[in-house]
Amino acid sequence: MLSLQVSKQGMEKIKKSLREAKEERGWQREDLRWLIAASKLLGRDYEKTGYLAEGVSTKTWKNFLSKKAIRPKAFQIYCTILNLDWTQIYDPTEFEDIGLIVTPDYSLGFLLEKAQDIHRKGGIGGAYEILKQIYIQITRYTESSHPKLLGDYYLLFGMVQMQRGHLLGDDGAFSLALKSSNLFLNLNDKLKLAEAYQLIGICYLQTKKFRESIESYKKGINAIKGNKKFLYTEMRILHDLAHSLLHLSLQQGSNNLLEASASMFDKSNMFFKSESPDFHKIAIIRTAEMHVKSGSHSLSQEILDEFEDVSNYSSMILPHQALFLRINTERYLVLNKVEEASKFFLSALTLNQREGYIHQLQSLEKIFKTHKTKFYDVLPEDFNISL
């Protein structure tokens, strides 16, 4: 059975990391928090489940620190939580003897896939913790030596940063999206290129640069247009494009842009109705948002009444739940139904604070400040939002 063990030189680096952790965080080498951190990287939250991830245990941790052989997955995870590159920690002797080649990006690829899976299920916080942990190792690579690995990392990290409300700076969503787009353009990876352009479009949208947002979405659609394999992604980008057109139409007071937006919403909604019922729910909610913002409140109500299953928001992934709750807060405020609005508002606030969705919290803060006098009829006078 394939296993790894610590080399003499590797043990010195481990001891140094353990000393630093003790000084900075007060963690002893036998501290359970090491195992909790390792388990969390593998997708199991010990504090919620009471169980550690497979391969993570007091025994394997002690064996690791005693230079005894353990399974590669546990070995690599333990190195990651120590902020060490496992390829500089393991003893390669046995692998040289049998001619086994162990690539440096093996564990990083595994962890990146884990982060992608967690993010896909709405676990932004969990994905962020993994991406932050592997940052030190992955940035040692160059874009020429590992373009695909870095492109995937930049794109996923950019999505997570966008959802955390961190758009600017070197590690902000916009910068990461641009880096990934350049890499995927050189790799001629059209699907990932489209996703990178979509993320750039979202960043522009969130900074109210609607024209730039629209242009980025168009680039994303053009990258994959005509390829049936990528139709789902094309419709997702078209749906986002409709959203930006809606905002631009409201900014300019243009009925033509509003009609174009409505047409795109209808086209993407019809696709999702048959091909992706889960995303269809959020697509319908965004269509309702379009009618709320354009003043067509009766149409918004008709849409949500027609799709009663949309109200069962607990089946949605968490980011979609957050969007659903916020939009309904706005809808009921516009209709002057403050009690209903406050229920959605408080539920949205609780969810977004728990999951760390900074961008949604910023939107809720803006809503609260705009409608403060209305909310004071149903909320305590000293109520406030703490970001």
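Residues numbered from 1 in each chain as written. Predicted model: local features only at pLDDT ≥ 70, side-chain atom pairs only at ≥ 80, totals over all residues. Heavy atoms only, no water.

Asks: Before we go on, may I ask you to explain helix 13 (residues 231-252) in this structure?
Replies: In an α-helix there are 3.6 residues to a turn, and that puts residues three or four apart on one side. Here helix 13 contains 22 residues, and its C-alpha end-to-end distance of 31 Å stays within 8% of the 32 Å for a straight helix at 1.5 Å per residue. In the stretch just after helix 13, Gly253 is the one whose phi turns positive, near 65°. (Helix = DSSP H or I, 4+ residues; strand = E, 2+ residues; numbered from the N terminus. Expected span 1.5 Å × (residues − 1).)

Asks: Sorry if this is basic, but what is going on with the layout of surface pockets here?
Replies: Where empty space is left in the structure can be found by rolling a water-sized probe over the atoms. In this model, the second largest pocket occupies a volume close to 640 Å³. Lining the second largest pocket are 22 residues, and of these Lys48, Ile118, Gly123, Gly125 and Gly126 sit closest to its centre. Of all the elements in the fold, those that place two or more residues in the lining of the second largest pocket are helix 3 (46-49), helix 7 (105-120), helix 8 (124-138) and helix 18 (338-355). A class-by-class count of the residues in the lining of the second largest pocket yields four nonpolar, seven polar and eleven charged. (1 Å grid on protein atoms, 1.4 Å probe; cavity = no way out; pocket = protein on both sides within 12 Å on 5 of 7 lines; lining within 4 Å. Points joined across faces, edges and corners; volume = space filled by probe spheres on them. Nonpolar A, V, L, I, M, F, W, Y, C, P; charged D, E, K, R; others polar.)

Asks: Explanation requested: helix 5 (residues 72-81) in the structure shown.
Replies: For helix 5, a buried count of nine out of ten residues is recorded, marking the element as mostly surrounded by other parts of the structure. Along helix 5, the positions that sit buried rather than exposed are Pro72, Ala74, Phe75, Gln76, Ile77, Tyr78, Cys79, Thr80 and Ile81. A positive phi of about 60° marks Asn83, the residue just after helix 5. (Buried < 20%, exposed > 50% of the residue type's maximum accessible area, 1.4 Å probe, protein only.)

Asks: Looking at this structure, I do not really get the side chain of Ser244. What am I missing?
Replies: Among the structural elements, Ser244 can be located in helix 13. Among the polar contacts made by the side chain of Ser244, one reaches the side chain of Ser213 at a distance of 2.7 Å. Residues in contact with Ser244, not counting those within four places in the same chain, are Leu205, Phe210, Ser213, Ile214 and Tyr217. (Polar contact = N/O pair within 3.5 Å; in protein donor to acceptor, adjacent residues only side chain to side chain. Contact = heavy atoms within 4.5 Å.)

Asks: Explain a positive patch on the surface here, please?
Replies: A cluster of basic residues, Lys8, Lys15, Lys16, Arg19, Arg29 and Lys67, forms a positive patch on the protein surface. Among the secondary structure elements, Lys67 is positioned in the loop between helix 4 (58-65) and helix 5. (Patch = residues over 30% accessible without salt bridge, like charges linked within 9 Å, V, L, I, M, F, W, Y side chains within 5 Å. Areas by Shrake-Rupley, 256 points an atom, 1.4 Å probe, with all protein chains shown as cover. Salt bridge = Lys/Arg side-chain N within 4 Å of Asp/Glu carboxyl O. Lys, Arg positive; Asp, Glu negative; His and termini not counted. Charge placed at Lys NZ, Arg CZ, Asp CG, Glu CD.)

Asks: Help me out: how do you make sense of the confidence of the model for the chain in this one?
Replies: The predicted structure's coordinates, where accompanied by low pLDDT, should not be read in detail. For the chain, mean pLDDT is 82; residues scoring 70 or higher make up 85% of the total. With pLDDT under 50 throughout, residues 95-104 is counted as low confidence; its partners more than four residues away or in other chains account for 13 contacts. (pLDDT = per-residue confidence, 0-100.)

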